[in-house]
Amino acid sequence: MPRSWQKNWSNVKIIENGNELPIDSEEGITYRKSKIQALGNKTLLTGVLNSVVRNSSFDTKIEGSGTKKGYRNHTELLLTKDIVDTYESDKQWDEVHIIERTNSLYKEFLKLWPSFSLEDDEQDGY
């Protein structure tokens, strides 16, 4: 989901803990902005691809537009393939998907660096 989501993403409901927030409310906008900055909403793209899909809809980001290719044609990185796979099962990208992906990436991160777990941080007083 792009930082400038209002033009092509205003039809995507803002969902927080199973509840829909009004899309034009301060609470909804603040919540959406926080999830846009979450790890689960990030992927690695070339500068050219990023400029092509920048604020596009989820469908355009995945499929591309006209002669411009989308994520589907750039799945060499598993980070990008993961988003394309999500699109295959659900054509929607929203806060629920961002949270799920953030949690999944965090679990993968802990497999590589288990010393960073929150439980360890709490025990060490961080």
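The shown structure was predicted, so the numbers you read here are calculated from the model rather than taken from an experiment.

Draft legend 1. The arrangement of the overall build of the protein chain in detail. Summing up its helical and strand segments, the protein chain has seven helices and four strands in all. Ordered by position from N to C terminus, the α and β elements of the protein chain give α-β-β-α-α-α-β-β-α-α-α. Counting only C-alpha atoms, the protein chain reaches 55 × 40 × 25 Å along its principal axes. Here the protein chain, with 126 residues, has 32% of them falling under the buried criterion. Partitioning the contacts of the protein chain with sequence separation of at least 6, the portion at a separation of at least 24 is 51%. Here the protein chain displays about 8400 Å² of accessible surface, and carbon together with sulfur accounts for 51% of that area. Averaging the coordinates of the 17 positive side-chain charges in the protein chain and doing the same for the 21 negative ones gives two points 10 Å apart.

Draft legend 2. Molecular detail of the nonpolar core. Of all hydrophobic cores here, the largest spans 16 residues; its most connected members are Met1, Trp9, Phe58, Ile62, Tyr71, Ile83 and Trp93. Secondary-structure elements contributing two or more residues to this core are helix 3 (47-53), helix 4 (58-63) and helix 5 (78-89). In terms of residue count, helix 5 provides more of this core than any other element does, three residues in total. With residues up to four places along the chain from it excluded, the contact list for tyrosine 71 reads Thr43, Leu45, Leu49, Val53, Lys61, Ile62, Thr80, Ile83 and Val84.

Draft legend 3. Main features of the environment of lysine 107. Note on placement: lysine 107 falls in helix 6 (residues 95-112). Placed ten residues apart in sequence, lysine 107 and serine 117 show a C-alpha to C-alpha distance of 9.1 Å.

Draft legend 4. Region of interest: unusual backbone geometry. Although it is not a glycine, asparagine 17 sits at a positive phi angle of roughly 50 degrees. Mapped onto the secondary structure, asparagine 17 falls in the loop between strand 1 (14-16) and strand 2 (19-21).

Draft legend 5. Looking closely at the side chain of histidine 97. Mapped onto the secondary structure, histidine 97 falls in helix 6. Each residue touching histidine 97, except ones within four places of it in the same chain, is listed here: Thr86, Asp90 and Gln92.

Draft legend 6. Main features of the confidence of the model for the protein chain. Of all residues in the protein chain, 93% attain a pLDDT of 70 or more, and the chain-wide mean is 88. Looking over the protein chain, one finds the lowest element-wise mean pLDDT in helix 7 (residues 118-124), namely 52, and the highest in helix 2 (residues 26-36), namely 97.

Draft legend 7. Local environment of the layout of surface pockets. Of the volumes computed, that of the largest pocket is approximately 450 Å³. For the largest pocket, the lining is made up of 17 residues, of which Met1, Pro2, Asn41, Asn50 and Lys61 are closest to its centre. In the lining of the largest pocket, the residues fall into eight nonpolar, five polar and four charged. Here the second largest pocket defines a volume of roughly 300 Å³. What lines the second largest pocket is a set of 14 residues, among which Leu79, Asp82, Arg101, Ser104 and Leu105 lie closest to the centre. Where the lining of the second largest pocket is concerned, the elements lending two or more residues are helix 5 and helix 6. Element by element, the count of residues in the lining of the second largest pocket is highest for helix 6, at eight residues.

Draft legend 8. Up close: the side chain of lysine 61. Among the secondary structure elements, lysine 61 is positioned in helix 4. The buried charged residue lysine 61 lacks any salt bridge partner; its closest oppositely charged side chain belongs to aspartate 59, at an N-O distance of 12 Å. Side-chain polar atoms of lysine 61 contact the backbone oxygen of arginine 54, separated by 2.9 Å. Once residues within four sequence positions are removed from consideration, lysine 61 is found in contact with Pro2, Trp9, Val53, Arg54, Ser56, Gly70 and Tyr71.

What counts as what
- Residues numbered from 1 in each chain as written.
- Predicted model: local features only at pLDDT ≥ 70, side-chain atom pairs only at ≥ 80, totals over all residues.
- Heavy atoms only, no water.
- Helix = DSSP H or I, 4+ residues; strand = E, 2+ residues; numbered from the N terminus.
- Buried < 20%, exposed > 50% of the residue type's maximum accessible area, 1.4 Å probe, protein only.
- Contact = heavy atoms within 4.5 Å.
- Areas by Shrake-Rupley, 256 points an atom, 1.4 Å probe, with all protein chains shown as cover.
- Lys, Arg positive; Asp, Glu negative; His and termini not counted.
- Charge placed at Lys NZ, Arg CZ, Asp CG, Glu CD.
- Core = buried A, V, L, I, M, F, W, Y, C linked by side-chain atoms within 4.5 Å.
- pLDDT = per-residue confidence, 0-100.
- 1 Å grid on protein atoms, 1.4 Å probe; cavity = no way out; pocket = protein on both sides within 12 Å on 5 of 7 lines; lining within 4 Å.
- Points joined across faces, edges and corners; volume = space filled by probe spheres on them.
- Nonpolar A, V, L, I, M, F, W, Y, C, P; charged D, E, K, R; others polar.
- Salt bridge = Lys/Arg side-chain N within 4 Å of Asp/Glu carboxyl O.
- Polar contact = N/O pair within 3.5 Å; in protein donor to acceptor, adjacent residues only side chain to side chain.

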